[in-house]
Amino acid sequence: MPQLRIALAQVNPQVGDLAGNADLVVEWSRKAAESGAHLVAFPEMVLTGYPVEDLALRQSFARASRTAVDELAGRLADAGCGDLLAVVGYLDRDEAGVRNAAALIHQGKVVARYAKHHLPNYGVFDEYRYFVPGSKLPILRWHGVDIGVVICEDIWQDGGPIAALGQAGVDLVVCVNGSPYERNKDDHRAELVARRAAEAGAPIAYVNMVGGQDELVFDGDSLVIDAKGELLARVPQFVEELLVLDLDLAAGTSTSVEPVDGFEVSRLTLDAVEMPAYEPLPAPPLAAPLPDCAEVWGALVTGLRDYVHKNGFRSVVLGLSGGIDSAVVASLAVDALGADAVYGISMPSSYSSDHSKSDAALTAEMTGLHYDTQPIENMVRAFVDQLDLTGLAEENIQARCRGMTLMALSNAHGHLVLATGNKTELAVGYSTIYGDAVGGFAPIKDVPKTLVWELAWWRNAEAERRGEVPPIPENSITKPPSAELRPGQVDADSLPDYELLDRVLDQYVEGDHGYSDLLAGGFDPALIERVLTMVDRAEYKRRQYPPGTKISLKAFGRDRRLPITNSWREHATALV
């Protein structure tokens, strides 16, 4: 059986940075060559970053991408990587339109190109808006092994190129991916790859990108699974990594170039001779999947870190209220950026409790971030007296004075403002527009309140396990949450119990269940009416909220697109 040493480069590209991404490909190709690899594969559209959204519609960008991949071929040869077969994702354009493509590069030339066939058009994906599907299947014989290439969604849909490669005959499938993180997706991903490997009758080498891009986080989780479904190699999530693995593969014997299920099959021989037998490297250790809270925390840290760094910020500022949400965001920011890049501001009003002020100070002490106090009482009084504000207007002006304070500090010092609201509050509109909703990024925007508590307990336990100081004050976790905008206020005055509320929201927001579905699920009719009304009325607030890291199946934003001007309501009368 022929041997082949493959390298999967789980790397973190940046959208639009063609020169920097090309440097990244050269750097990691060198590492692959130094490891003795015969083939190196990079993620989907690594050369352009992913997703490029409407950049794909610009002919100038498509031309630049095509030029960059051709130049990259020469650079790889000049860097001593010409003997490698490199699989590099990029954006292509031909007479039919724009393609999500992969270039196969060898000895300074692009020897073949593959265009993605299955184009996702759901959730965060709009690929039918940008790309035309490919229908050509290039199969390359390399060191006696027949290799096919597919791209991401090609394995998520039944039929298509995987089935066609199985019929045409290949010995290895390389799948390049830009597959965003969602909770529990890694288990489903491995099962899927195993099914497709069986369908292709060949091992699948699955390489995914890592890093954050606006709301999306890519977790990596690159792996290799053989045709029998056995997991041969897997690397950790949320880190750049080069997976190097020796494979014993079936010898390429297929020669057919007959069309298969509408695909045009072509075969190119780069080297028909098998590699002389060599001593394989020890198999890399299998990375264990992260526990749920560790995985979510890793996604949130990665998303925040890359949003800050890739957008050219060096520091962040956030309001520290002494509550659970701001304490968790502060801890995330310190983990992502280091304490020296995080500025926490306590902004007490006349209604702020002593424990809120002391818990805010304790958060700063336990995390080591920069800390300052900016009382807002005089600012609030100026608005209240001049405009004669009472009730809700007086409550909200406090949040807006805090928002103005943070934005002023941002302007003065170049900090990125972090909004600290969670998914539950965002769902029901429990936030003040232009107040606590201000900011450039919202790290826990897709984290339900009950999960915020879980993450806080987990992060403190993890600190204790490492022999470190827990970063989140226990009182911030255990005390009843409150906005403290009026005397004695607690969240329970305005909202149902969070455990119950999150259960309803999970079914309504992520499950798209209607009133009758929720009623059949055992929820109280009055509760359903109350929660759904709050959610529906808050759409205008969500549209103006900062972006934040997606961790769920359906995050607010591109995942869930509802009209702001909308008279439809899910309620009992809708059943008749």
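Anything mentioned here points back to the structure above.
Here the structure is a predicted model, which is why all the values come from computation and not from measurement.

## Notes on the nonpolar core
Next, step 1: Formed by 70 residues in total, the largest nonpolar core has its most connected members in Val328, Leu418 and Val531.
Next, step 2: Those residues in contact with leucine 418, other than ones at most four positions away along the chain, are Leu304, Val316, Val317, Leu318, Val329, Ala333, Phe441 and Pro443.
Next, step 3: Tyr114, Val150, Leu192 and Leu245 belong to the second-largest nonpolar core, a separate cluster that totals 55 residues.

## Quick word on the sheet that holds strand E12 (residues 223-225)
Next, step 1: Here 7 strands make up an open sheet; going across it, the order is E13-E12-E9-E8-E7-E6-E15 and the pairing mixed. Strands at the two margins of the open sheet, each flanked by one partner only, are strand E13 (231-234) and strand E15 (264-271). Averaged over all pairs of adjacent strands, the angle between strand axes in this sheet comes to 20 degrees, irrespective of strand direction.
Next, step 2: Of the strand pairs in this sheet, strand E8 (residues 172-177) and strand E9 (residues 204-208) are connected by 5 bridges, and their pairing is parallel.

## Thoughts on the pairing of strand E1 (residues 3-10)
Here is the key point about a regular strand: its side chains alternate between the two faces of the sheet.
Next, step 1: Counted residue by residue, E1 has 8 buried out of 8 residues, so it is predominantly covered.
Next, step 2: As paired strands, E1 and strand E14 (residues 241-248) are joined by 8 bridges and run antiparallel to one another. Residue pairing in the sheet places glutamine 3 in a bridge with aspartate 248 of E14.
Next, step 3: Alignment of E1 against strand E2 (residues 39-41), held across 3 bridges, turns out to be parallel. Bridge pairing in E2 places isoleucine 6 opposite leucine 39.
Next, step 4: Once the chain exits E1 it traverses helix H1 (residues 18-34) before rejoining the sheet at E2, and the crossover so formed is right-handed.

## Regarding the environment of arginine 503
Next, step 1: Mapped onto the elements, arginine 503 comes out in helix H15 (residues 498-510).
Next, step 2: Taking the relative accessible area as the measure of exposure, arginine 503 reaches 47% and is therefore partly exposed.
Next, step 3: Sequence separation between arginine 503 and alanine 287 is 216 residues; the distance between their C-alpha atoms is 32 Å.

## Concerning the side chain of serine 552
Next, step 1: In this structure, serine 552 sits in the segment after helix H18 (539-543).
Next, step 2: Looking at serine 552, the relative accessible area reads 7%, which means it is buried.
Next, step 3: In contact with serine 552, not counting residues within four places along its chain, are Glu182, Lys423, Asp446, Glu510 and Asp559.

## So, the packing of aromatic side chains
Next, step 1: Enumeration according to the criterion identifies 7 aromatic pairs in this entry.
Next, step 2: Both rings, one in tyrosine 122 and one in phenylalanine 125, keep their centres 5.7 Å apart while their planes meet at 75 degrees; by these two values the pair is edge-to-face.
Next, step 3: A relative accessible area of 40% places tyrosine 122 in the partly exposed class.
Next, step 4: Ring plane angle 25 degrees and centroid distance 4.4 Å describe the contact between tyrosine 307 and phenylalanine 441, whose orientation is recorded as stacked. Within this pair, whereas tyrosine 307 is found in helix H7 (residues 292-310), its partner phenylalanine 441 is found in the loop between helix H12 (423-428) and helix H13 (449-465), the two being separated by 134 residues in sequence.

## Examining the pairing of strand E11 (residues 216-219)
Next, step 1: Burial along E11 is two-sided: Leu216 and Phe218 facing one way and Val217 and Asp219 facing the other are all buried.
Next, step 2: Bridge analysis of strand E10 (residues 210-213) against E11 gives 4 bridges, and the strand direction is antiparallel. Counted as the bridge partner of glycine 212 is valine 217 from E11.
Next, step 3: As consecutive antiparallel partners, E10 and E11 are separated by 2 residues, and within that stretch aspartate 214 has a phi angle of approximately 55 degrees, a positive value.

## Quick word on the environment of threonine 405
Next, step 1: Within the fold, threonine 405 resides in helix H11 (residues 391-413).
Next, step 2: Along the primary structure threonine 405 and glutamine 374 are separated by 31 residues, whereas in three dimensions their C-alpha atoms are 8.2 Å apart.
Next, step 3: Setting aside residues no more than four positions away along its own chain, threonine 405 makes contact with Met347, Gln374, Ile376 and Met379.

## Some remarks on the sheet that holds strand E16 (residues 316-319)
Strand pairing in a sheet relies on backbone hydrogen bonds, with the paired strands running either antiparallel or parallel.
Next, step 1: Taken in spatial order, the 4 strands line up as E18-E17-E16-E19 in an open sheet, and their pairing is parallel. Either end of the sheet is taken by a strand with one partner, and the two such strands are strand E18 (370-373) and strand E19 (416-417).
Next, step 2: In terms of strand pairing, E16 meets strand E17 (residues 342-346) through 4 bridges, oriented parallel. Residue glycine 319 lies in a different strand from E17, and its bridge partner there is isoleucine 345.
Next, step 3: In the packing of helix H8 (residues 324-337) onto the sheet, the strands contacted are E16 and E17, and the crossing angle to E16 comes to about 165 degrees.

About the thresholds
Residues numbered from 1 in each chain as written. Predicted model: local features only at pLDDT ≥ 70, side-chain atom pairs only at ≥ 80, totals over all residues. Heavy atoms only, no water. Core = buried A, V, L, I, M, F, W, Y, C linked by side-chain atoms within 4.5 Å. Buried < 20%, exposed > 50% of the residue type's maximum accessible area, 1.4 Å probe, protein only. Contact = heavy atoms within 4.5 Å. Pairing = 2+ DSSP bridges. Helix = DSSP H or I, 4+ residues; strand = E, 2+ residues; numbered from the N terminus. Axes fitted to C-alpha atoms, helices over the stretch in contact; angles between N-to-C directions. Right-handed = clockwise from strand over helix to strand, strands pointing away. Phe/Tyr/Trp six-rings, centres within 6.5 Å; stacked < 30°, edge-to-face > 60°.

Read these as layout, nothing more, since geometry by itself doesn't imply function.
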